[in-house]
Amino acid sequence: MKISLPNNSKMNSKNFTFGVATASFQIEGGVDERLPCIWDTFCDKDGKIVDRSNGDVACDHINKWQQDVELIDSLGVDAYRLSISWPRVIKLDGTLNQSGVDFYINLLDKLKNKNIKTFVTLYHWDLPQHLEDKGGWLNRATAYAFESYVNLITKALGNRVDSYATLNEPFCSAFLGYEAGIHAPGIKGKEFGKKAAHHLLLAHGLGMRVLAKNSPNSQNGIVLNFTPAYPKTDSSADIIAAQKADDYFNQWYIKPIMDGAYPELLNELPQENHPDIHEGDFDIIATQLNFLGINYYTRAVYETDNSELFKEVPPKDVAITDIGWEIYPKGFSHLLVSLNETYTLPPIYITENGAAMADKIKDHEVNDIDRIAYYQSHLNAVNDAIEQGVNIKGYFAWSLMDNFEWAEGYTKRFGIVYVDYQTQIRTIKASGYAYKNFINRRT
Ligand code: IFM
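Not measured: the values here are computed from a predicted model.

Participant: Please give an account of the overall build of the chain that cites residues and values.
Facilitator: On a plain count of helices and strands, the chain comes out with 14 helices and 15 strands. Over its C-alpha atoms the chain spans a radius of gyration of 21 Å, differing by no more than 12% from the 22 Å that the globule rule assigns to 443 residues. A principal-axis box enclosing the C-alpha atoms of the chain has dimensions of 55 × 55 × 45 Å. For the chain, the proportion of its 443 residues judged to be buried stands at 60%.

What follows is the structure, given as C-alpha cells:
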C-alpha cells in the first residue's frame, strides 16, 4: 500500500519539509543521569498509568541514539523533531549539567552530519520535580525558571538547531495536568487549569524573547494541539456549546499569542477559575512567532448541558484508532483553513499527526495498513488546506517509533517503527516504508 498525493501537490516538492517526531521522556530512559521530573513521580503513584510502567528505560534512546539517528536517516526524512529534557540539562542549583548537555550536542551534531534538520522543543511536559514542589505551573516563578533554562541551554547548543519550539501542547500540560488530573502532576480542579495555562503562556513569551537574542537564525515558535469542536446537532444550543468548548480547549492557547487576549468566554468563568494576569503579560505572550506548530489527531463532538458550559459526546458508530479517537481527516483541513481565516498566521508546520493502531509483529514485519490509510487521508487533508491558501511548510509524523504514551504507558503504539521493549529491537513498519517511499519520490 502506497502513500501518494496529486502530481501538482506542493507537498511533492523537496522544499516541503517532512520529518518524524519524538519527545524526551517518551523515548530516552536514562533516569539516573538526570533530576527527577513530574512524570517520574506521577508514574510511581498507584493507578495513574494503565500498565503501571514508567519512563525509566522507555526506548533506551539515551544509549541507542546513534543507531536511532541511522534509523531516522534510513527513512530519508528532511528533519527530526525532538525535545530537550529540562531535568537532564539543568542541575538543582539552576546551572547547566554538562553531561546532559553533551548528550544533546552529540545528537544534534550527528543529525547535522547527516544533513537532517533539527527541530527542538524546549518543554515537552517533563518539569523538574523540585519546581513542582514549589507549585509547578501554578507558580508564576516557574515561567521565570523556564526563561533561565532557555537562556542557558540555547547558549550551550550554539547554532546546532534549525527550529526551536518553546512548549509542546500547553493545553495538555495545563488542562490534563492541573484540571483533569489525568497527566502529571495529577492536580484536579477547575480553579487550577487556566492559572497553569497562563503561566505556561507567559513562559512561552519569555522563552521567545530569549530565543530572539540567543538564537536569531533559527525559526522560533510554539507547538499547539487542536481538537476541533463540532456540535452534535444543528440546534443553536449545541452550536453554542461547541463554540464554547472550542474557546475553552483550542482558542484559549492561540488567541493570546496571536491577539494578545483570552477568548470572551473568560467572562463566563467563575472568578476563582480565572488566571492571575499581570500588567504587560499579554505583550510578552504575544511576542511575534517565526512559525506555528500545529498538532492534529482527531475532533470532538459536543452538546448543550444544563449545568456545564458544554458536554462532550463520545464517538459512537464511527471509525476510531486504537486509543479510541475518531478518524476524522476532514476536521484537519477545516481546522487549518479556519485558523488561517481567524488569525494572521506565521508559516505553519504540522508538528504532529499520526495514529495508535493495534500493531502485530509477525516474521519481523508489521503490516499496519490501517496506519498507512490514516496517513494518506490526513496528508490529503493538509494538501487540501494548502490548496485553500494555508501557508504550510512541513509535516512531522508522530511518532518515529513506539514509545511511552503517557497515562496509557506502553499499551498504545504510535510509531512508524515498532519497538520490542524486551529486546529494544526496532522494526520499520509497513507505514514507515510507505512514508519513506513517498518522501523519497519527491522532486
Ligand atoms: O504522544 C503524544 C505526544 O507526546 C504529544 N501529542 C500527542 C501524542 C499522542 O497522544
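Text resumes after the structure shown.
Participant: Would you mind going over the nonpolar core in detail, with residue names and values included?
Facilitator: Within the largest apolar cluster, 134 residues are counted, with the highest numbers of intra-cluster contacts made by V20, W39, W137, F146, Y149 and I392. Per-element tally for this core: the top contributor is helix 9 (residues 190-214), with 10 residues. Excluding its chain neighbours within four sequence positions, the residues that come into contact with I392 are F16, L336, I348, I350, V382, A385 and I386.

Participant: Could you give me a rundown of the pattern of salt bridges, with the residues and numbers involved?
Facilitator: Applying the stated rule across the entire model yields 24 salt bridges. The partner of D68 in a salt bridge is R426, and the shortest N-O contact between them spans 2.9 Å. Here R426 lies in strand 15 (residues 425-428) and D68 lies in helix 3 (residues 61-74), a separation of 358 residues in the sequence. For R426, a relative accessible area of 12% gives the class buried. K244 is the salt-bridge partner of E268, the closest N and O atoms lying 2.8 Å from each other.

Participant: Before we move on, could you go through the side chain of N353 and cite the residues and values that matter?
Facilitator: Mapped onto the elements of the fold, N353 is located in the loop between strand 10 (348-352) and strand 11 (361-362). If sequence neighbours within four positions are ignored, N353 has contacts with Y296, Y297, F332, Y374, Y375, H378, Y395, F396, A397 and W398.

Participant: Now, about the site of the ligand: what can you tell me, with residues and values included?
Facilitator: Lining the immediate environment of the ligand, one finds Q26, H124, W125, N168, E169, Y297, W325, E352, W398, E405, W406 and F414. When the ligand is considered free in solution it has 280 Å² of accessible area, and contact with the protein chains removes 95% of it. Split into classes, the residues belonging to the shell around the ligand amount to 6 nonpolar, 3 polar and 3 charged.

Participant: Give me the lowdown on the pairing of strand 1 (residues 17-21), citing residues and values where you can.
Facilitator: In terms of burial, strand 1 is a largely internal element, 5 of the 5 residues being buried. Taking every second residue as pointing to the same face, both faces of strand 1 are buried, with T17, G19 and A21 on one and F18 and V20 on the other. As judged from the 5 bridges shared by strand 1 and strand 13 (residues 392-398), these two strands associate in the parallel manner. Bridging from a neighbouring strand, T17 pairs with G394 of strand 13. Note: strand 1 against strand 2 (residues 79-83), 3 bridges, orientation parallel. In the strand pairing of strand 2, G19 is matched with A79.

Reading the values: the criteria
Residues numbered from 1 in each chain as written. Predicted model: local features only at pLDDT ≥ 70, side-chain atom pairs only at ≥ 80, totals over all residues. Heavy atoms only, no water. Helix = DSSP H or I, 4+ residues; strand = E, 2+ residues; numbered from the N terminus. Rg over C-alpha atoms; globule rule 2.2 N^0.38 Å. Buried < 20%, exposed > 50% of the residue type's maximum accessible area, 1.4 Å probe, protein only. Core = buried A, V, L, I, M, F, W, Y, C linked by side-chain atoms within 4.5 Å. Contact = heavy atoms within 4.5 Å. Salt bridge = Lys/Arg side-chain N within 4 Å of Asp/Glu carboxyl O. Near = heavy atom within 4 Å. Areas by Shrake-Rupley, 256 points an atom, 1.4 Å probe, with all protein chains shown as cover. Nonpolar A, V, L, I, M, F, W, Y, C, P; charged D, E, K, R; others polar. Pairing = 2+ DSSP bridges.

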